Amino acid sequence: MSERSETTKRHGSVSELAAAGVATVYEARGRLGLIDGSFEPLLPGRAVAGPARTALCGQDDNRAVHEVMAHVQPGEVVVLTMPEPRPVALLGDLLATQAQTRGAAAVLVDGAVRDVADLRELGLPVWTRWRRVRGAGKDVRGAVNVPVTVGGATIEPGDLVVLDDDGAVVVPAHDLDATVGAVRERLAKEAGLRERWRSGELSYDAYGMRAQDAS
């Protein structure tokens, strides 16, 4: 397969997982990859997926966020974290403007954001743990393009991050094709179940729960 064909295929896979949504991807992978945290979407209703571009900041410091903007490529999900998540603003409208200009698909902030009204007006999808004005330092370089842990999940640079109103999930880059196949199977199964429930059948009976309760 040519490089162009491979890129087109990958973009198609990314779009499929974004459309399927976090819950379906998580369940299809055997409940693996959950980024377990209360991440709030500043633009509810958006569903996004893209390869991760990571920044591991110093504690309560966002110098690494400035550095990572020089590496962001179109379609990527910028993942910002620090050793201990705290309500310190790692991202505001000026840094978000850089991310958007570089073509980022979204930003996941394992910390706080500020300038929320401006971020919403900007239109770049952002998920964050907190909204706080408390500013970060710019004294610790941190590291970019390194593995990070967010919400108990390890995210390697290039792993696929899926985000929607339910939260976030990560798919290892090497598992993308298998995940797309599993997601297609789950969607087909769910479509069949949905038709059965619409016809009046109850999951309580279909899954044998009533029979178990009656025994």
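Scope of this entry: the structure provided in the associated data block. (Residues numbered from 1 in each chain as written. Predicted model: local features only at pLDDT ≥ 70, side-chain atom pairs only at ≥ 80, totals over all residues. Heavy atoms only, no water.)

1. Description of the environment of Leu-91
Thinking step 1. Inspection of the secondary structure puts Leu-91 in strand E5 (residues 89–91).
Thinking step 2. Along the chain, Leu-91 and Gly-152 lie 61 residues apart, while their C-alpha atoms are 21 Å from each other.
Thinking step 3. Setting aside residues no more than four positions away along its own chain, Leu-91 makes contact with Met-69, Leu-80, Ala-96, Val-107, Val-109, Ala-112, Val-113, Arg-114 and Val-126. (Helix = DSSP H or I, 4+ residues; strand = E, 2+ residues; numbered from the N terminus. Contact = heavy atoms within 4.5 Å.)

2. With respect to the nonpolar core
Thinking step 1. Grouped together as the largest cluster of nonpolar side chains are 27 residues, with contacts concentrated most on Leu-80, Leu-90, Leu-91, Val-107, Val-109, Val-113 and Val-126.
Thinking step 2. At the level of elements, helix H3 (63–68), strand E4 (77–81), E5, helix H4 (93–101), strand E6 (106–113) and helix H5 (116–122) are the ones that each hand at least two residues to this core.
Thinking step 3. Judged by nonpolar contacts, the second largest core, of 17 residues, contains Phe-39, Val-161, Leu-163 and Val-170. (Core = buried A, V, L, I, M, F, W, Y, C linked by side-chain atoms within 4.5 Å. Buried < 20%, exposed > 50% of the residue type's maximum accessible area, 1.4 Å probe, protein only.)

3. Observations concerning the pattern of salt bridges
Thinking step 1. Applying the stated criterion across every chain yields a total of 13 salt bridges.
Thinking step 2. Its salt-bridge partner being Glu-67, residue Arg-141 comes within 2.9 Å of it at the nearest N-O pair. Residue Arg-141 is found in the loop between strand E7 (126–131) and strand E8 (143–144), and its partner Glu-67 is found in helix H3; the two are separated by 74 residues along the sequence.
Thinking step 3. On the basis of relative accessible area, Arg-141 is assigned to the exposed category, the value being 53%.
Thinking step 4. Judged by relative accessible area, Glu-67 falls into the partly exposed class, the value being 21%.
Thinking step 5. The residue Glu-190 makes a salt bridge to Arg-186 at a minimum N-O spacing of 3.0 Å. Within this pair, Glu-190 and its partner Arg-186 are both found in helix H6 (residues 176–198), separated by four residues, close to a single helical turn. (Salt bridge = Lys/Arg side-chain N within 4 Å of Asp/Glu carboxyl O.)

4. Points about H6
Thinking step 1. Its 23 residues place the ends of H6 32 Å apart at the C-alpha level, agreeing with the 33 Å of an ideal helix rising 1.5 Å per residue.
Thinking step 2. One or two positions beyond H6, positive phi appears at Gly-200, with a value near 110 degrees. (Expected span 1.5 Å × (residues − 1).)

5. Details of the packing of aromatic side chains
Thinking step 1. Inspection of every chain in the model, using the stated rule, returns one aromatic pair.
Thinking step 2. Arranged with centres 6.0 Å apart and planes meeting at 90 degrees, the rings of Trp-197 and Tyr-207 form a pair that is edge-to-face. With a gap of 10 residues between them, Trp-197 in helix H6 and Tyr-207 in the loop between helix H7 (203–206) and helix H8 (209–214) connect regions that are remote in the sequence.
Thinking step 3. Look at Trp-197 and you get partly exposed, because its relative accessible area is 29%. (Phe/Tyr/Trp six-rings, centres within 6.5 Å; stacked < 30°, edge-to-face > 60°.)

6. As for the side chain of Ser-13
Thinking step 1. Note that Ser-13 resides in helix H1 (residues 3–20).
Thinking step 2. Overall, Ser-13 belongs to the buried group, its relative accessible area being 6%.
Thinking step 3. Ignoring sequence-local partners within four residues, the contact set of Ser-13 consists of Leu-176 and Val-180.

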